[in-house]
Amino acid sequence: MHPLEKMFRPGSVAVIGASNDPDKLGGRTLLHLRELGYRGRIYPINVTAKQVQGLPAWPSVRDLPEVPDCALMLLPASLVEPALEDCAAKGILHVQVLSSGFAEEGAEGAAMQDRVAALARKHGMRITGPNALGSISPPDGFFGTFSSLLATAQPGPGVIGIATQSGAYGSHIYAAAHLRGIGISRAIATGNEADIDVAAAIDYLAEDAGTRVICASLEGCKDGAALRRALLKAAAARKPVIIMKVGTTEVGAAAAATHTGSLAGEDRIFSAVFRECGAYRTQSIEEMIDIAHLCAIAPLPPNDAVGVLTVSGGIGVLMADACIEAGLSVPPMADDVLARIRAIQPMAGGRNPIDTTAQLNGRMHVFEAISQEMLCGAELGSFLFYLAHLGRNIPRFPPLEQTLAALRQAAPDRVVVAVMTSVEEVRTKLEALGVAVFEDPTRAVKAVTGAARLRALQDAALAVPEVVVAAAPRRLAAGNEAAAKALLAEIGVPVLPEHVCASAEDAMRAADAVGYPVVMKILSDDIAHKTEIGGVLLDLADADAVRQGFATLMHRARTARPDARLDGVLVAPMVRGGVETIIGVQRDPIFGPMVMFGLGGVSVELFRDVAFASAPLTQARAAALVDSVQGARLLAGWRGGPVLDKAALVAALCAVAAFAAAQPEVESIEINPFLVQQQGGVALDALVALRG
């Protein structure tokens, strides 16, 4: 039995703070348990009443005739700690603290919440909340919540599990599911998460036999490793996780010292972790419910290819456009298949979408024949049928039902979606066959897109590789660009032969040594972005240019940053060609070191064409990170350009990621640019920051 099983499916429950007044939270929660089908034993706890809502009441859980599986606590915040002590003395191991007035109220409440959490840990007790909405299990009739929604709408039993931090968000999902006729297996709102969080709830739902699809929403995360484990567990169980992360923040002022930090932000990191762990991130409750609904009644499509069969050419084009824009494919039918389709329906037009036109009249049987031909004509993962208002025409429904049932039987591993307006009887019958029904074509396409992405994400989901602990490089110390490059060279990242020069004469000798033309850059621990002060000079062709360049750089640096310590200049050979990229690592406070890759140079923050992955990297994960960036097409010979050395880029990414993962002292690394050439690559600028 999972440690959280009794939070969702208790055989007995104590309601601490039960009331006769249904307008009070303790009264409403007890009323839900009594009237909505809960078959377990209910123990109202009230210090004064002998009976509450017709049930015998007890002054304390210590007085109960048995140890309840779970307690629901609805007391003023000041009374929660002694009540938890009573639960511990009785041996109750599962408590849902629905009381508010804790960390959400300020410092005093936060201190009280810390004491509650410590008390629970001391006694081996698992708690949700404080400030939680409670949990429900509709198949068991258990509604351990004070949600006012239940007065007008009771979620029915189903296979969709829900885990959310926000109670209001959770109740809105319950309502949206109810309005769509979608059932729920288990649901929980974790509140302030002094103990049990959304990750723990996902972990439970991944094991729960009654849950097939998981919807989750979180505002933040305290344990990144636990969230990763839970999402990977669900992916391994082939349970789709549709997730929302609300709220975005910057990772902090210190991180903004590098492009990596300023580009990361909490939100991008969460998106990367979700993707790596097989979860699909949505942007709205509507989209979440649509995808969950589809996944609950149909298999995940085996590929991204979609077949569209429509009675309206215009709607067919709309759906095809939506598919392409979402990254799905709409492959044309082969000529011989089209010939057979037109033999069945001469008016049929198009190659995919196939437009039967509205002139079918009573010849609904042609849909079955055409759909079977489409099934044979391409490797389609999903079928979208636009059927206008046929779902409202009960007399004409049986042939349609037969057609869709035959297609489901012929292709049980494909997704079949009917897009039409319908009456409940029609929708219910089709969904029982495994055919999803949507009224809006675009929403149907979004749902299919989510399901297709989930299959690909689950297939690719892998745990972050083990960190190989290696000896720290000899030069593991904060410093300027020269120090950063010396460190990178030591871990295997290619750098140019460069010289640190304290005078113009030193710079001229260095330029003679490396060969003209050269690059000169100001060198200072205090100036992270040299281009912003004019601190980089390119293509210096002779000794006079180098002498003047030294003076120019020192003058610009002293003018722009009079407080900066100047270490001289860096002289390096001028390198031409290739594509500038950025390689970065930012140590996220929740998920640890995260690698960033994108197009580099001075425009990286303008275009923000970057992607993130958890460190360390395998070569395959590094290659996938590169491919996920739009600008990566420049590496493959864009518009007749040369094919560049992607393998050298992957090697550099892996080296930096392994180093950062193995060295907790490293706060961030930025190589900008890392120049990818036809053969090899080289770090042209670098910055390494250590944790303070």
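No experiment lies behind these values; they were computed from the predicted model shown.

Participant: Whenever I open this one, the sheet that holds strand β7 (residues 126–128) confuses me. Can you help?
Facilitator: Reading across the sheet, the five strands line up as β2-β1-β5-β6-β7 and stay open at both edges, with parallel pairing between neighbours. The sheet is open, and its two borders are formed by β2 (41–45) and β7, each paired with just one other strand. Each neighbouring strand pair of the sheet contributes to a mean axis angle of 20 degrees, computed without reference to strand direction. Relative to strand β6 (residues 94–97), strand β5 (residues 70–73) runs parallel, the two sharing three bridges. Counted as the bridge partner of A71 is V95 from β6. Strand contacts of helix α3 (residues 77–90): β1 (12–16), β5, β6 and β7, with the helix running at about 170 degrees to β5, the strand carrying the most contacts.

Participant: Would you explain the side chain of S382 in this entry?
Facilitator: For S382, the location among the structural elements is in strand β17 (residues 382–386). When neighbours within four sequence positions are excluded, S382 is seen to be in contact with P301, A305, V306, G307, V415 and V448.

Participant: Explain the environment of A151 here, please?
Facilitator: Relative to the elements of secondary structure, A151 occurs in the loop between β9 (142–145) and β10 (157–164). Along the sequence, A151 and L31 sit 120 residues apart, while their C-alpha atoms lie 9.9 Å from each other.

Participant: What is the right way to read unusual backbone geometry from this model?
Facilitator: Of all residues except glycine, most have a negative phi; of all peptide bonds, most are trans. Cis peptide bonds are those with omega within 30 degrees of zero, and the linkage from Y516 to P517 qualifies with -5 degrees. Mapped onto the fold, P517 is located in the loop between α17 (504–514) and β21 (518–522). A cis amide bond links A615 with the next residue in sequence, P616, at an omega value of 0 degrees. Tracing the backbone through its elements, the reader meets P616 in the loop between β26 (610–614) and α20 (619–627). The backbone of N352 shows a phi angle near 160 degrees, a positive value even though the residue is not glycine. Within the fold, N352 resides in the loop between α11 (335–344) and β16 (354–355).

Participant: It is not clear to me how the pattern of salt bridges should be interpreted in this structure. Could you clarify?
Facilitator: A pair can form between side chains of opposite charge whenever their charged atoms are brought close. Following the criterion strictly, the structure yields 37 salt bridges and no others. Among the salt bridges present, the one from D195 reaches R126, with a minimum N-O distance of 2.9 Å. Of this pair, D195 sits in the loop between β11 (184–189) and α6 (198–207) while R126 is found in strand β7, placing the two residues 69 residues apart along the sequence. Take D195: its relative accessible area is 27%, and that puts it in the partly exposed class. By relative accessible area, which is 28% here, R126 ends up partly exposed. Here the salt bridges share partners, and the residues they tie into one network are E481, K485, E498, K521, K530 and D685.

Participant: What is the right way to look at the environment of E667 in this model?
Facilitator: Locating E667 in the fold gives a position in strand β27 (residues 666–676). Among all residues touching E667, those that are not within four sequence positions of it are V585, Q586, R587, A689, L690 and R691.

What counts, and where the lines are drawn
- Residues numbered from 1 in each chain as written.
- Predicted model: local features only at pLDDT ≥ 70, side-chain atom pairs only at ≥ 80, totals over all residues.
- Heavy atoms only, no water.
- Pairing = 2+ DSSP bridges.
- Helix = DSSP H or I, 4+ residues; strand = E, 2+ residues; numbered from the N terminus.
- Axes fitted to C-alpha atoms, helices over the stretch in contact; angles between N-to-C directions.
- Contact = heavy atoms within 4.5 Å.
- Salt bridge = Lys/Arg side-chain N within 4 Å of Asp/Glu carboxyl O.
- Buried < 20%, exposed > 50% of the residue type's maximum accessible area, 1.4 Å probe, protein only.

Worth remembering: the numbers are spatial, not functional.
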